[in-house]
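Results of the structural survey
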Amino acid sequence: MNNNNEPTTLLRRGLIGSVIAAICCFTPFLVVIVAGVGLSAIVGWLDYALFPMLFASLSVVAYALWLEAGKPGRNPKIPLIVLAVVLSALLFWLEFRFALRISAAAALAVAGYALWLRKSGRSSVSQIKRNWHKERNRHDQDL
């Protein structure tokens, strides 16, 4: 995988996973498909896979946003993994009673993180771009 496209690829995959998980969690779309192929016995267990997938996908989105912002601050990979596991465990413990509220709060937290990164990361991103252009110009001059 090309390192220059890694944040964009991660962001795209995280958003696709989040949208698919949200559609399958909050609409009867997956229930109809699963029942249509004769596997309706697993419908009751779908939430145990879909909500962790949603939280993991949102974590991938947050990590990709951090990469795109020029990596300001500490690496958030471990806290994001812990947060996805904690939110999943919380939903299991609450027996999915507040699933919509917790999922919406997680999505809003990722959006807030994106705004914070955009405000705090502009200077570091522009610095990285300037350094990249300097190195590229030096390389072109050497040739």
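As a reminder, the structure under discussion sits directly above these lines.
Presented here is a report on the structure given in the accompanying data block.

Conventions we followed
Along each chain, residue indices are assigned from 1 in the same order as the chain's sequence is written. Reporting in this predicted model follows two pLDDT cut-offs: at least 70 for local features of residues, and 80 or more for side-chain atom pairs to be given and counted; totals over whole chains, interfaces and linings ignore these cut-offs and use all residues. Hydrogens are left out, water is left out, and the side-chain values use all remaining heavy atoms of the structure. Strands are runs of DSSP state E lasting at least 2 residues, helices are runs of H or I lasting at least 4, and numbering of each runs from the N terminus. Three labels apply to residues, based on accessible area from a 1.4 Å probe with only protein chains included: buried if under 20% of the type maximum, exposed if over 50%, partly exposed otherwise in between. The contact definition used throughout considers only heavy atoms, calling two residues in contact when any of these lie within 4.5 Å. Among buried residues, the Ala, Val, Leu, Ile, Met, Phe, Trp, Tyr and Cys ones that are joined through side-chain atoms within 4.5 Å form a nonpolar core. Helix axes use the C-alpha atoms of the stretch in contact, all axes being lines fitted to C-alpha atoms, and the angles between their N-to-C directions lie in the range 0 to 180 degrees. Between 65 and 115 degrees an angle is taken as roughly perpendicular, under 35 as roughly parallel, over 145 as roughly antiparallel, and anywhere else as oblique. What makes a crossing left-handed is the near helix being turned counterclockwise from the far one by less than a right angle; a clockwise turn instead makes it right-handed. Each residue receives one of three labels: charged for Asp, Glu, Lys and Arg, nonpolar for Ala, Val, Leu, Ile, Met, Phe, Trp, Tyr, Cys and Pro, and polar for the others, Gly being one of them.

**What to know about the environment of leucine 67**
Here leucine 67 shows up in helix 3 (residues 47-68). Of the residues examined, leucine 67 reaches a relative accessible area of 13% and is grouped as buried. Not counting chain neighbours up to four residues away, the residues in contact with leucine 67 comprise Pro7 and Leu10.

**Side note on the nonpolar core**
Within the largest apolar cluster, 31 residues are counted, with the highest numbers of intra-cluster contacts made by Phe51, Phe55 and Leu91. Counting residues per element, the ones that place at least two in this core are helix 1 (6-26), helix 2 (29-36), helix 3, helix 4 (77-93) and helix 5 (99-142). With 12 residues, helix 3 is the single largest residue contributor to this core. Beyond its immediate stretch of four places on either side in the chain, phenylalanine 51 contacts Cys25, Phe26, Ser88, Leu91, Phe96, Ala99 and Ser103.

**Re unusual backbone geometry**
A positive phi angle is found at glutamate 95, which is not glycine, with a value near 55°. Here glutamate 95 is to be found in the loop between helix 4 and helix 5. The exposure class assigned to glutamate 95 is exposed, which follows from its relative accessible area of 58%. Phi at phenylalanine 96 is positive, roughly 60°, even though this residue is not glycine. Within the secondary structure, phenylalanine 96 is located in the loop between helix 4 and helix 5. When its relative accessible area of 18% is taken as the criterion, phenylalanine 96 is described as buried.

**Structural notes on the packing of helix 1 against helix 3**
Packing of helix 1 against helix 3 leaves a shortest axis separation of 8 Å and a crossing angle of 155°. Relative to helix 3, the element helix 1 lies roughly antiparallel. Relative to helix 3, the crossing made by helix 1 is left-handed. Residue composition of the contact of helix 1 with helix 3, grouped by class: 21 nonpolar, five polar and one charged.

By themselves these figures say nothing about function.
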